[in-house]
Amino acid sequence: MTPPSRSAVAARPSTTGSRPESRHHRLWSLFATQGPHSNRNARNLLITTTLALVAIGLMMVLSASSVELVAAGKSPFDTFRKQLMWAGIGGVALVVCAFIPLRAYRRLAWPILLGSFVVSLLVFTPLGYEVQGNRNWIRVAGLTAQPSEFLKLSIVVWGGAVLARKARLLGDWKHMFVPVAPGAAIAILLVIAGKDLGTAMILALIAVALFFFAGASPKLFIGGIVAGVIGVGLAVVSSPNRMNRISAWLDPTAEGTAEGLGYQSAQALYGLAGGGVFGVGVGQSRQKVSWIPEAHNDFVFAILGEELGLVGALIVILLFAVLAFSIVRISKLADDLHTTYICGGVLVWIVGQAILNIAVVTGMIPVIGVPLPFISYGGSSMVAVLAAVGVLVSCSRATDRRTAGVA
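Residues numbered from 1 in each chain as written. Predicted model: local features only at pLDDT ≥ 70, side-chain atom pairs only at ≥ 80, totals over all residues. Heavy atoms only, no water.

A grouping of V277, F278, L310, V311, L314, I315 and I317 is seen on the molecular surface, where their side chains present a nonpolar patch of about 650 Å² in accessible area. Following the sequence through the fold, I317 ends up in helix α14 (residues 300-333). (Patch = residues over 30% accessible without salt bridge, like charges linked within 9 Å, V, L, I, M, F, W, Y side chains within 5 Å. Areas by Shrake-Rupley, 256 points an atom, 1.4 Å probe, with all protein chains shown as cover. Salt bridge = Lys/Arg side-chain N within 4 Å of Asp/Glu carboxyl O. Helix = DSSP H or I, 4+ residues; strand = E, 2+ residues; numbered from the N terminus.)

Next up, the structure:
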């Protein structure tokens, strides 16, 4: 047999190390900011990061809730099963929202908003009930839900559609703020009527984000922020419980604080400090054993920091940063104002809420009662944020269709 020529050997593709290089290329292509597949890569990165956060959340909910359930004579998997069920329902919501065309969200913007108002009003009917002083829950056929979580998504979709439709008129402050400002105000008032200041603050942040990305003038923008700060201040001073929380945060060493309203915050800090750099190990938290009440809820980050350490906490923070990056990429690659406004609203909602939750757990701000997206236990929150991710995927798919020249 005649040996192959030197030129033929040179032309033959080398197989040495081809698979590792291919995997490396595929991994980093998710972060590509240019190229024909940038939008698809941003979408894949968004979905991958979301799944990673949900998986971590399920693991931490199981760990944080199991000991208390066993002590109560129940199965250690009870809370985990519920959260897994809600994650599954949220996954279905993500897929459904992803396949609804973006133009349908524009057409349905007003029905979505009005429907969310109607459902939110149910908390003031016999279907509604209070949890720790907040009347923001409804119970139907044995299932509970928090309508205010879905108000966040409806304000994003509706506000983005209205502002995009009025894009050429936004130079006039009346068109900029009407009807978005009144609509957001109604949503905030509905939540405040149920005494849920934390959710009201997130709704206010979403409204501010929509106006910011729509290009509101600095004077109007700052004026809105000042009005919001004044509103929060009035809500705080009008509630003895909120004032006591502020006092507990300002002076955590005061006599009785660590045993009263500051108890949960103090125990959370003990947990974070006890975790060190690498943590005590998954399932090995000491603070979850009767020290942090309902540790799987708003203070689950303290258990995460104790069991996974500083490294684990930073990984979660990094995942939220990657999530933010992917949302920004989807927005920048889209030649559509509605997509820009939706991305901005969801970005501030999810990442802003994560920042607030972590700030509460680490003692940087007073306790305001907002869950850590994807991680804290809660069906309404899980379904709402996964549905929001589905809307972002729909926005990204619309960009693909426009790029391909499809209507």
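With that out of the way, let us pick up the confidence of the model for the chain. When pLDDT is averaged across the chain, the result is 86; 88% of the residues are at 70 or more. Averaged over each element, pLDDT in the chain is lowest for helix α1 (residues 6-11) (43) and highest for helix α4 (residues 78-99) (97). This stretch, residues 1-24, has a pLDDT under 50; its non-local contacts, to residues over four places away or in other chains, come to two contacts. (pLDDT = per-residue confidence, 0-100. Contact = heavy atoms within 4.5 Å.)

Across three bridges, the pairing between strand β1 (residues 128-131) and strand β2 (residues 134-140) is antiparallel. By the bridge assignment, V131 is partnered in β2 with N134. The turn joining β1 and β2, which pair antiparallel and follow one another in sequence, is formed by two residues; a positive phi near 55 degrees is taken by Q132. Here three bridges tie β2 to strand β3 (residues 143-145), and the two strands are oriented antiparallel to one another. Note that in β3 the partner of V140 across the bridge is L143. Adjacent in sequence and paired antiparallel, β2 and β3 are bridged by two residues, among which A141 carries a positive phi angle near 55 degrees. (Pairing = 2+ DSSP bridges.)

For the rest of this paragraph, the subject is the environment of I89. For I89, the position within the fold is in helix α4. Taking the relative accessible area as the measure of exposure, I89 reaches 38% and is therefore partly exposed. Between the alpha carbons of I89 and A387 there is a distance of 9.6 Å; along the sequence they are 298 residues apart. (Buried < 20%, exposed > 50% of the residue type's maximum accessible area, 1.4 Å probe, protein only.)

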